[in-house]
Amino acid sequence: MKPTHALSAAMVAVTLLTAGCASNQPTSTNYSTQADASTYGTIENIQVVRVDPATSGAGAVAGGLVGALVGNQIGSGGGRTAATAAGAIGGAVVGNQIESNRNAPHDMYQISIRLDNGDYRTVNQDNAYDLRVGSRVRMVDGRVYRY
């Protein structure tokens, strides 16, 4: 196998592994398996909060690898090395910008609930629909629904 093909295959493998590890899904607790007293309650407070998700760096890594791969196809000798380095840097900048745009800041509703068993929970969700302070609610899979 030619060195350029081996380098290309290695870059693709690292890109796929890195992309497979990245996750922007928020973690949530499954409340449906707990007792009924811990899934029913009353809303005590609702606030709108601004969520600014951070970039994981996966966009920069993937962009850098793709940029280096493209830059390596240009020129020969010292020019190829310079093109590879420039492609890696440019790709990393573009990849990070794409990831930042995808993870744009957004508003969430922070809902504070006093559960029937006396516990206090705070849940963030993207909408509040018909939820109001004092509403009876049920928590299912980390979301709050009017009861």
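Structure shown above.
In this text the structure is predicted, and so the values were computed from the model without any measurement.

A few words on the overall build of the chain. Within the chain, the regular secondary structure consists of three helices and five strands. Counting from the amino terminus, helix and strand elements in the chain follow one another as α-β-α-α-β-β-β-β. Taken across its 147 residues, the chain has 28% of its residues classed as buried. Summarising the internal contacts of the chain: among those between residues at least 6 apart in sequence, 66% fall at separations of at least 24. By element, 57% of the accessible surface of the chain is carried by carbon and sulfur atoms, the whole surface being about 9100 Å².

On to helix α3 (residues 78-102), then. Between the first and last C-alpha of α3 there are 36 Å, a value that for 25 residues agrees with the 36 Å anticipated at 1.5 Å per step. Contact partners of the buried residues in α3: α2 (58-71).

What follows is about the pairing of strand β3 (residues 120-125). Judged by which residues are buried, β3 turns out to be one-sided: Arg121, Val123 and Gln125 face inward and are buried, whereas Tyr120, Thr122 and Asn124, on the alternate face, are not. In this structure, strand β2 (residues 106-115) lies alongside β3, joined through six bridges in antiparallel fashion. Looking at β3, one finds that Ser112 is bridged to Thr122. Hairpin geometry of β2 and β3 is characterised by an intervening segment of four residues between the two adjacent antiparallel strands and by a positive phi of about 95° at Gly118.

Let's shift gears to the sheet that holds strand β1 (residues 40-51). Ordered by their spatial adjacency, five strands build an open sheet running β3-β2-β1-β4-β5, and the pairing between neighbours is antiparallel. Of all the strands in the sheet, the pair left with one neighbour each is β3 and β5 (143-146). Averaged over neighbouring strand pairs, the angle between their axes works out to 40° when direction is ignored. Direction of pairing for strand β4 (residues 136-140) relative to β5: antiparallel, over a ladder of four bridges. Across the sheet, residue Val140 finds its bridge partner in β5, namely Arg143.

With that settled, consider unusual backbone geometry. Phi at Tyr129 takes a positive value of approximately 35°, unusual for a residue other than glycine. Along the chain, Tyr129 turns up in the loop between β3 and β4.

Bringing the side chain of Ser135 into the picture now. Within the secondary structure layout, Ser135 lies in the loop between β3 and β4. A distance of 2.9 Å separates the side chain of Ser135 from the backbone oxygen of Arg132, its partner in a polar contact. Ignoring sequence-local partners within four residues, the contact set of Ser135 consists of Gly41, Thr42, Ile43, Asp130 and Arg146.

A separate point is the packing of α2 against α3. α3 packs onto α2 with a crossing angle of 150° between their chain directions and a minimal axis gap of 6 Å. In terms of their interaxial angle, α2 and α3 are classed as roughly antiparallel. The way α2 lies across α3 gives a crossing that is right-handed. In contact with Ala58, Gly59, Ala60, Gly63, Gly64, Gly67, Ala68 and Gly71 of α2, α3 contributes Arg80, Ala83, Thr84, Gly87, Ala88, Gly91, Ala92, Gly95, Asn96 and Glu99. A breakdown of the residues in the contact of α2 with α3 according to their chemical character gives six nonpolar, 10 polar and two charged.

The rules behind the values
- Residues numbered from 1 in each chain as written.
- Predicted model: local features only at pLDDT ≥ 70, side-chain atom pairs only at ≥ 80, totals over all residues.
- Heavy atoms only, no water.
- Helix = DSSP H or I, 4+ residues; strand = E, 2+ residues; numbered from the N terminus.
- Buried < 20%, exposed > 50% of the residue type's maximum accessible area, 1.4 Å probe, protein only.
- Contact = heavy atoms within 4.5 Å.
- Areas by Shrake-Rupley, 256 points an atom, 1.4 Å probe, with all protein chains shown as cover.
- Expected span 1.5 Å × (residues − 1).
- Pairing = 2+ DSSP bridges.
- Axes fitted to C-alpha atoms, helices over the stretch in contact; angles between N-to-C directions.
- Polar contact = N/O pair within 3.5 Å; in protein donor to acceptor, adjacent residues only side chain to side chain.
- Parallel < 35°, antiparallel > 145°, perpendicular 65-115°, else oblique.
- Left-handed = near helix turned anticlockwise from the far one by under 90°.
- Nonpolar A, V, L, I, M, F, W, Y, C, P; charged D, E, K, R; others polar.

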